[in-house]
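The primary structure of each chain is shown beneath.
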Amino acid sequence: MDSQKLKIVYRYDSGGKGFKRAAYQMYHALALILFGLIAQHKQLPDWPAWCFVLGILLFSGSLYALTLTGIKKFGMVTPFGGTAFLIGWLGLCLSLSRT
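Residues numbered from 1 in each chain as written. Predicted model: local features only at pLDDT ≥ 70, side-chain atom pairs only at ≥ 80, totals over all residues. Heavy atoms only, no water.

A. Spotlight on the confidence of the model for the protein. With 79% of its residues at a pLDDT of at least 70, the protein reaches an overall mean of 82. Per-residue pLDDT, averaged within each element of the protein, yields its smallest value for helix α1 (residues 3–13) (51) and its largest for helix α4 (residues 78–98) (93). (pLDDT = per-residue confidence, 0-100. Helix = DSSP H or I, 4+ residues; strand = E, 2+ residues; numbered from the N terminus.)

Take a look at the structure:
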């Protein structure tokens, strides 16, 4: 990685925002593990887990791409990942309340 990209990463992560955004990926990866553990004991639909995967790819992936490339258009994808996270959590909660 050249020094220009390191400057972009440093500038983007200033103020701890980068840590918060990386934490979202960690929390939803843990949600996927939790989903798998619960699904061993209860019959759950697969779509909430796929929403978490899609959310991680779109939300975290777009932020990583924005940080590494500096192309601001990647930021337009981020809300779709956040929406996928919300749909995943809603689906998980609804699935658990019905079983």
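B. Structural context of the packing of aromatic side chains. Under the defined criterion, the tally for this structure stands at 3 aromatic pairs. Ring geometry for F52 versus W89: centroids 5.0 Å apart, planes at 70°, classification edge-to-face. With a gap of 37 residues between them, F52 in helix α3 (residues 47–69) and W89 in helix α4 connect regions that are remote in the sequence. Given the relative accessible area of 0%, F52 is considered buried. Residue W89 is classed as partly exposed on the basis of its relative accessible area of 34%. Measuring from centroid to centroid gives 5.6 Å for F59 and F85, while their planes differ by 55°, and the two rings are tilted. On the criterion of sequence distance, the pair formed by F59 in helix α3 and F85 in helix α4 is long-range, its members being 26 residues apart. The buried category is assigned to F59, whose relative accessible area is 13%. Relative accessible area serves as the criterion here: at 6%, F85 is assigned to the buried category. (Phe/Tyr/Trp six-rings, centres within 6.5 Å; stacked < 30°, edge-to-face > 60°. Buried < 20%, exposed > 50% of the residue type's maximum accessible area, 1.4 Å probe, protein only.)

C. Main features of the environment of Q25. With respect to the helices, strands and loops of the structure, Q25 is situated in helix α2 (residues 17–39). Look at Q25 and you get partly exposed, because its relative accessible area is 25%. In sequence terms Q25 and L57 are 32 residues apart; their C-alpha atoms lie 9.0 Å from each other. Among residues more than four places away in sequence, those in contact with Q25 are I56, S60 and Y64. (Contact = heavy atoms within 4.5 Å.)

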